[in-house]
Amino acid sequence: MASAVDEVSDRLLTAIAVGDFLPGERLPTERELTGLLRVSRPTVREAVGRLQALGVIDIRRGRNGGAFVRDSWSESSAAAVRRTLLPRRAEFEQLFDLRGLVEGMVAATAARRRRPEDLEPMREALAAHLGASTPREEQAADSAFHQAVCAATHNPQIARLSRDLLSRISLGFPIEPWGKGERSHHHRAGEGHTALYEAVAAGEPERAEEIARSHFMISAEMIREVLARVRGEEPA
């Protein structure tokens, strides 16, 4: 049975491979990782040390230091993804289905309950996403947009449910998988955000639900692409 350090190392490598954390981005702090992954600080420290030894992250000291992602894929990534995702492939497909249903409900509820003041944060996040110049900016704006949609439901429990499902498909990290930051994904996400904003602003719950269910399949497709890659690398 894999040790806790093995498991945390694999989860971090897989999270980086699917784009939860992008090149140049700082990983959560040791304390934050301890809380997110529910393991001890020595376990996190050793797991992060392994990623540094593999060349996946750099450790920078000082006030603005931390563990920074160097590359999204290493020689060890495929094995980590196989150990982490393949045994749970059926579970992930169920989660993708559930997330589409839940996020459709979130969007429909936002369209029914949104107030005029709820639309401004959505517009700002949408503009930030469409104007983003790097995958990291896109990811941050994407998160802000969906948080604004959740807020428009005026039910914190709905927002909590959405966040919980995101964490479950992202291996414990409440961060949307972003692949390698492909521009095709950015374009599709931008179109989805625009259409979703228009449906919510117009108070059209059925259209908002349909758009959201389709939009959230982008993340599922990214994870499936990573799984397909590692299956292709497996020896015959």
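Please refer to the structure placed before this passage.
Keep in mind it's a predicted model, so treat the numbers as computed, not measured.

Participant: Mind showing me how you'd approach the overall build of the chain here?
Facilitator: The number of helices and strands found in the chain is 11 helices and 2 strands. Ordering the α and β elements of the chain from the N terminus gives α-α-α-β-β-α-α-α-α-α-α-α-α. By the compact-globule yardstick of 18 Å for 236 residues, the chain fits well, its C-alpha radius of gyration being 18 Å. Taken over 236 residues, the chain has a buried fraction of 49%. Look at the contacts in the chain between residues 6 or more apart in sequence, and 77% of them connect residues 24 or more apart. Charged side chains of the chain number 33 positive and 35 negative; the gap between the two group centres comes to 5 Å.

Participant: Where do I start with the packing of aromatic side chains in this structure?
Facilitator: How two aromatic rings sit relative to each other is set out by the distance from centre to centre and by the angle between their planes. Counted according to the given criterion, the structure contains 2 aromatic pairs. An angle of 80 degrees between the planes, with centres 5.1 Å apart, marks the rings of Phe21 and Phe173 as edge-to-face. Within this pair, whereas Phe21 is found in the loop between helix H1 (4-17) and helix H2 (30-37), its partner Phe173 is found in the loop between helix H8 (156-169) and helix H9 (183-202), the two being separated by 152 residues in sequence. With respect to class, Phe21 is no different from Phe173; both count as buried. Summarising the aromatic geometry, the rings of Phe92 and Phe96 are spaced 6.1 Å apart at their centres and angled 55 degrees between planes, so their arrangement reads as tilted. With Phe92 and Phe96 both in helix H5 (residues 89-113), this residue pair falls 4 residues apart, about one helical turn. The same class applies to Phe92 as to Phe96, namely buried. A cation over an aromatic ring shows up here: Arg60 above the ring of Phe68, its NZ or CZ 3.9 Å from the ring centre.

What counts and what doesn't
Residues numbered from 1 in each chain as written. Predicted model: local features only at pLDDT ≥ 70, side-chain atom pairs only at ≥ 80, totals over all residues. Heavy atoms only, no water. Helix = DSSP H or I, 4+ residues; strand = E, 2+ residues; numbered from the N terminus. Rg over C-alpha atoms; globule rule 2.2 N^0.38 Å. Buried < 20%, exposed > 50% of the residue type's maximum accessible area, 1.4 Å probe, protein only. Contact = heavy atoms within 4.5 Å. Lys, Arg positive; Asp, Glu negative; His and termini not counted. Charge placed at Lys NZ, Arg CZ, Asp CG, Glu CD. Phe/Tyr/Trp six-rings, centres within 6.5 Å; stacked < 30°, edge-to-face > 60°. Lys NZ or Arg CZ within 6 Å of the ring centre and 35° of its normal.

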